[in-house]
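The primary structure of each chain is shown beneath.
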Amino acid sequence: MSLEAVGALREPVRRAVYEYVVARAEPVSRNEAAEAVGIGRTLAAFHLDKLAEAGLLETAYAPRSGGPGAGRPAKLYRRSAAEHAVTLPPRDYRLLADVLAAAVERSGVEPAVHAAAREVGAKLAGGEVFERLGTLGYEPFVDADRTIRLRNCPFHALAQAYPALVCGLNLALLDGLVDDRWDVRLDPGPTGCCVAIQSKDNQD
């Protein structure tokens, strides 16, 4: 399924539809995707359903609010929670990460892990913060309070299994990534990464 999912993104228009959906905080309708990408509703529906079949998007139904068809259930799309990866030949870095995370929790060496994560973050630093976060897969966006939120957690699966360890490690990594003009804190929401980043100039 992962190979099929990756293959589904080879078509340029379908990839554009996918990128639009995953960049949105709320589920997307066929009409919204069609308008955003500049294609017809029927073609948008075709690509959205192909992405759902490949396991890249999830679907749900909700009443429309306003406009034609108001009150009727509309098919909505959002990114799937499933992860997809293809390695040739097969590799299982997740298994190794699970073993190492379990060993760290049992041995109580979190301070050393945080220090190492901060050092790695400093090595990854460079350039504009927002762009760097995007390159690392965090999918940053700015909320109404001018705080940088991270729509994606690159370590999601491990964070679910070892939340205290991985979220602390992630906080240290991002603290090392930014300079002292930024405040980095744990501020988990219902989705996305648990870390929030705010310029100290924007704080009251």
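Just above sits the structure.
Residues numbered from 1 in each chain as written. Predicted model: local features only at pLDDT ≥ 70, side-chain atom pairs only at ≥ 80, totals over all residues. Heavy atoms only, no water.

Some thoughts on the overall build of the protein chain
Thought 1: Helix and strand counts for the protein chain stand at nine helices and seven strands.
Thought 2: Taking all 204 residues of the protein chain together, the buried fraction comes to 33%.
Thought 3: Within the protein chain, residue pairs in contact and separated by at least 24 positions form 51% of the contacts whose partners lie at least 6 positions apart.
Thought 4: Roughly 12,200 Å² of accessible area belongs to the protein chain as shown, and the carbon and sulfur atoms make up 55% of that amount. (Helix = DSSP H or I, 4+ residues; strand = E, 2+ residues; numbered from the N terminus. Buried < 20%, exposed > 50% of the residue type's maximum accessible area, 1.4 Å probe, protein only. Contact = heavy atoms within 4.5 Å. Areas by Shrake-Rupley, 256 points an atom, 1.4 Å probe, with all protein chains shown as cover.)

So, helix α3 (residues 30-37)
Thought 1: For α3, the full list of buried residues reads R30, A33 and A34. Taken end-on, α3 shows its buried residues confined to a sector of 100 degrees, consistent with a single buried face.
Thought 2: In the core, the buried residues of α3 are packed alongside α2 (12-22), β1 (28-29), α4 (41-53) and β3 (73-79).
Thought 3: After α3 finishes, the residue G38 shows a positive phi value of roughly 85 degrees. (Arc of directions from axis to C-beta.)

A word on the environment of I197
Thought 1: For I197, the position within the fold is in strand β7 (residues 195-199).
Thought 2: You can call I197 buried: its relative accessible area is 0%.
Thought 3: Taking the C-alpha atoms as reference, I197 lies 33 Å from T87; in sequence the two are 110 residues apart.
Thought 4: The contacts of I197, once residues within four sequence positions are left out, are L133, T147, I148, W182, D183 and V184.

What to know about the pattern of salt bridges
Thought 1: All chains considered together, the criterion is met by 12 salt bridges.
Thought 2: Two residues, D49 and K75, come together in a salt bridge whose shortest N-O distance is 3.1 Å. With D49 in helix α4 and K75 in strand β3, this residue pair connects regions lying 26 residues apart in the sequence.
Thought 3: Exposure remark for K75: the relative accessible area of 22% places this residue in the partly exposed category.
Thought 4: A salt bridge links K50 to E53; the shortest N-O distance between them is 3.8 Å. With K50 and E53 both in helix α4 and three residues apart, this pair spans about one turn of that helix. (Salt bridge = Lys/Arg side-chain N within 4 Å of Asp/Glu carboxyl O.)

Observations regarding the environment of W182
Thought 1: With respect to the helices, strands and loops of the structure, W182 is situated in strand β6 (residues 182-186).
Thought 2: On a C-alpha basis, the gap between W182 and D201 in space is 8.4 Å, while along the polypeptide they are 19 residues apart.

Examining the environment of L186
Thought 1: Here L186 lies in strand β6.
Thought 2: Using a relative accessible area of 43% as the deciding quantity, one classes L186 as partly exposed.
Thought 3: Here the alpha-carbon distance between L186 and I197, two residues 11 residues apart in the chain, equals 8.9 Å.
Thought 4: Each residue touching L186, except ones within four places of it in the same chain, is listed here: C167, L171, C194 and V195.

A word on the side chain of R14
Thought 1: In this fold, R14 is placed in helix α2.
Thought 2: The buried charged residue R14 lacks any salt bridge, with E11 as its nearest oppositely charged partner at 5.1 Å.
Thought 3: Those residues in contact with R14 that sit more than four places away from it in its chain are A8, F46, H47, K50 and L51. (Lys, Arg positive; Asp, Glu negative; His and termini not counted.)

Structural notes on the packing of aromatic side chains
Thought 1: The tally for this structure, following the rule as stated, stands at one aromatic pair.
Thought 2: With 6.5 Å between their ring centres and 75 degrees between their planes, Y138 and F155 make a pair best called edge-to-face. A residue pair is termed long-range when its members are at least 10 positions apart, and Y138 in the loop between α7 (129-135) and β4 (140-142) and F155 in the loop between β5 (148-150) and α8 (156-161) qualify at 17 residues.
Thought 3: Classification of F155 by relative accessible area gives partly exposed; the value is 28%. (Phe/Tyr/Trp six-rings, centres within 6.5 Å; stacked < 30°, edge-to-face > 60°.)

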